[in-house]
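Descriptive analysis of the structure
One-letter residues, chain by chain:
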Amino acid sequence: LLNGVIITEGLQIGEENSQNNHYEKHFTVVDKPNPADLVLDRLSPTHDNRIKMRIFNQGAEIPDIDFNTSYVRVQVNDTINKSIYFRDIDPTGLLKKGKTGWGPAGMVYLDYIWPGTGPDGLTLEPGHTYKVKVILDFNGRISETNKVNNVKTVVWGMTP
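Every chain is numbered independently, its residues counted from 1 as its sequence is written. Under the rules for a predicted model, residues below a pLDDT of 70 receive no local features and side-chain atom pairs below 80 are neither given nor counted, while totals for whole chains, interfaces and linings still include all residues. Side-chain metrics in this entry use all non-hydrogen atoms of the structure; hydrogen atoms and water are not considered.

Notes on the sheet that holds strand S4 (residues 51-57)
We call two strands paired when DSSP finds no fewer than two bridges between them. Secondary structure is summarised from DSSP: a helix means a run of H or I of at least four residues, a strand means a run of E of at least two, and numbering begins at the N terminus for each. On the basis of which strands lie adjacent, the open sheet formed by three strands has the order S3-S4-S7 and antiparallel pairing. Of all the strands in the sheet, the pair left with one neighbour each is strand S3 (38-45) and strand S7 (110-113). Strand after strand, the sheet turns through a mean of 20 degrees between neighbouring axes, direction not considered. In this sheet, S4 lies alongside S3 in antiparallel orientation, the contact comprising seven bridges. Residue pairing in the sheet places Leu43 in a bridge with Met53 of S4. Every angle, taken between N-to-C directions, lies between 0 and 180 degrees, and every axis is a line fitted to C-alpha atoms, over only the stretch in contact when it is a helix.

Side note on the pairing of S7
The alternating pattern of S7 places Leu110 and Tyr112 on a buried face and Asp111 and Ile113 on a face that is not buried. Bridge analysis of S4 against S7 gives four bridges, and the strand direction is antiparallel. Bridge pairing in S7 places Met53 opposite Tyr112. Think of it in three bands: with a 1.4 Å probe and only protein chains considered, a residue is buried below 20% of the maximum accessible area for its type, exposed above 50%, and partly exposed in between.

Some details on the sheet that holds strand S9 (residues 151-157)
Spatially, S6-S5-S8-S9 is the arrangement adopted by the four strands of the open sheet, whose pairing is antiparallel. Edge strands, defined here as strands with exactly one partner in the open sheet, are strand S6 (80-85) and S9. Along the sheet, successive strands turn relative to each other by an average axial angle of 15 degrees, direction set aside. Pairing between strand S5 (residues 71-76) and S6: six bridges, direction antiparallel. Within S6, the residue paired with Val74 across the bridge is Lys82.

Now the structure itself:
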């Protein structure tokens, strides 16, 4: 229970309603979650010149608040930056489940193709070379055992 009182002495003359100077909020303190371990396994260009990534979580389950506020960043040629929330990349929460979500076949992977259009869209033009960097949990919301495997940089020469 968090309990607070607003003291207005010295701030104003003639408090009209002292009944509204009190606020209570009940909450529960929980242990820090076990760390996840998101892994950016693979980056590759698609046949239509978009960015395809393969991701998995080999750690613990990711709490909703962290999953919903974390995002993935794509950087192209150190100048173009686009970001999408994990909740939009993985609306079913496949990565959120971590090891607990693995079925009898083993590890669960998420293959995601970055959109080619829209405000966060990226399409790589044929005949150019691109340096593509992808960073999982760019804003550092998720507790992880290993953040090094969240980043991958590749250079692609897109054929015309």
